[in-house]
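Chain by chain, the residues run as shown.
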Amino acid sequence: MQAINDFILAAAGQPWVLLLVFACCVIDGFFPPIPSESVVVGLAAVSATAGVPNAWLLILLGALGAFTGDNIAYLIGRQIGVRRWRWMRSQRMQGAFRWAGRELRRRAASLIMVARFIPIGRVAVNLTAGATQFSHGMFVALTAMSAALWASYSVAIGLFFGQWFEHNHLLGAIIAIVAAVILGIIVDRVISTVRGSTPSPEEVEAVEDAGETEEEPAT
């Protein structure tokens with residue numbers, strides 16, 4: 001265990017770790033399987049007691065990466081719609097796209113801000129915003145604010161839980177990540193309850209039309 005903690009401490013102090021944070025946050029903006037929250041929260045937990053990596057740099061690189069990823073997703077949605085790739089056509093993703101289409105027309109600002117905290121939700125909202133030609137200038141402004149809030153929130157969770165495990169960086173990181181996952185699930189459930197049932201096809205005709213015009217056969 002001491003060897004593992006020494007390895008984590010040594011790796012956390014390397015410059016490439018911050019590049020990893022940035023890369024994960026960028027990719028996670030349009031490809032949900034990348035666990036950017038876990039990376040940021042875990043490193044913040046190590047930073048709480050070891051001082052590396054620098055927490056402020058974590059926030060900065062996490063926010064820049066999240067902002068970049070969200071806007072890449074917007075451009076993807078604008079260019080190809082929401083049905084081009086196989087993973088987009090899954091029942092879960094199409095349900096998320098339908099919800100995003102409805103909510104963007106009702107409360108775009110709050111939706112884009114909140115969606116950043118939900119892995120599947122943010123991808124659906126970002127792609128749908130592009131597919132429905134939502135104002136790019138407004139999207140840039142909103143994602144800049146949401147990325148900064150998300151990065152600060154993620155680092156804060158890591159720092160809070162990490163400080164309890166000064167001599168076991170691995171355990172501190174694991175507990176911080178688990179806490180972040182649980183909080184994310186709670187937020188997701190609350191939002192799902194508030195938004196109600198999946199909207200009808202008529203409510204999201206604009207979203208589906210945007211995707212269908214670019215659809216290609218599955219490979």
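Preceding this section is the structure that the text describes.
Here's a quick rundown of the structure. (Residues numbered from 1 in each chain as written. Predicted model: local features only at pLDDT ≥ 70, side-chain atom pairs only at ≥ 80, totals over all residues. Heavy atoms only, no water.)

### Here's the deal with a nonpolar patch on the surface
No. 1: Together, Tyr-153, Ile-174, Val-178, Ile-182, Leu-183 and Ile-186 give the surface a local cluster of nonpolar side chains, amounting to about 490 Å² of exposed area.
No. 2: Ranked by the residues each element gives to the nonpolar patch, the list is headed by helix 8 (residues 169-195), at five residues.
No. 3: Of note, Val-178 is situated in helix 8. (Patch = residues over 30% accessible without salt bridge, like charges linked within 9 Å, V, L, I, M, F, W, Y side chains within 5 Å. Areas by Shrake-Rupley, 256 points an atom, 1.4 Å probe, with all protein chains shown as cover. Salt bridge = Lys/Arg side-chain N within 4 Å of Asp/Glu carboxyl O. Helix = DSSP H or I, 4+ residues; strand = E, 2+ residues; numbered from the N terminus.)

### With respect to the nonpolar core
Nonpolar side chains in soluble globular proteins tend to be buried together.
No. 1: Ranked by size, the top nonpolar core spans 19 residues in total, and within it Val-21, Val-40, Leu-43, Leu-58, Trp-150 and Val-155 carry the most contacts.
No. 2: Looking at this core, the elements with two or more residues in it are helix 2 (15-28), helix 3 (36-50), helix 4 (55-80) and helix 7 (136-162).
No. 3: A per-element tally of this core places helix 4 first, with six residues.
No. 4: When sequence neighbours within four positions are dropped, the list of residues in contact with Val-155 reads Val-40, Ala-44, Ala-55, Leu-58 and Ile-59. (Core = buried A, V, L, I, M, F, W, Y, C linked by side-chain atoms within 4.5 Å. Buried < 20%, exposed > 50% of the residue type's maximum accessible area, 1.4 Å probe, protein only. Contact = heavy atoms within 4.5 Å.)

### Observations concerning the packing of aromatic side chains
Aromatic ring pairs: the centre-centre distance and the angle between the two ring planes describe each pair.
No. 1: Using the criterion set out here, one finds three aromatic pairs in the structure.
No. 2: Both rings, one in Phe-117 and one in Tyr-153, keep their centres 5.3 Å apart while their planes meet at 75°; by these two values the pair is edge-to-face. Taken together, the residues Phe-117 in the loop between helix 5 (91-115) and helix 6 (119-131) and Tyr-153 in helix 7 connect sequence positions 36 residues apart. (Phe/Tyr/Trp six-rings, centres within 6.5 Å; stacked < 30°, edge-to-face > 60°.)

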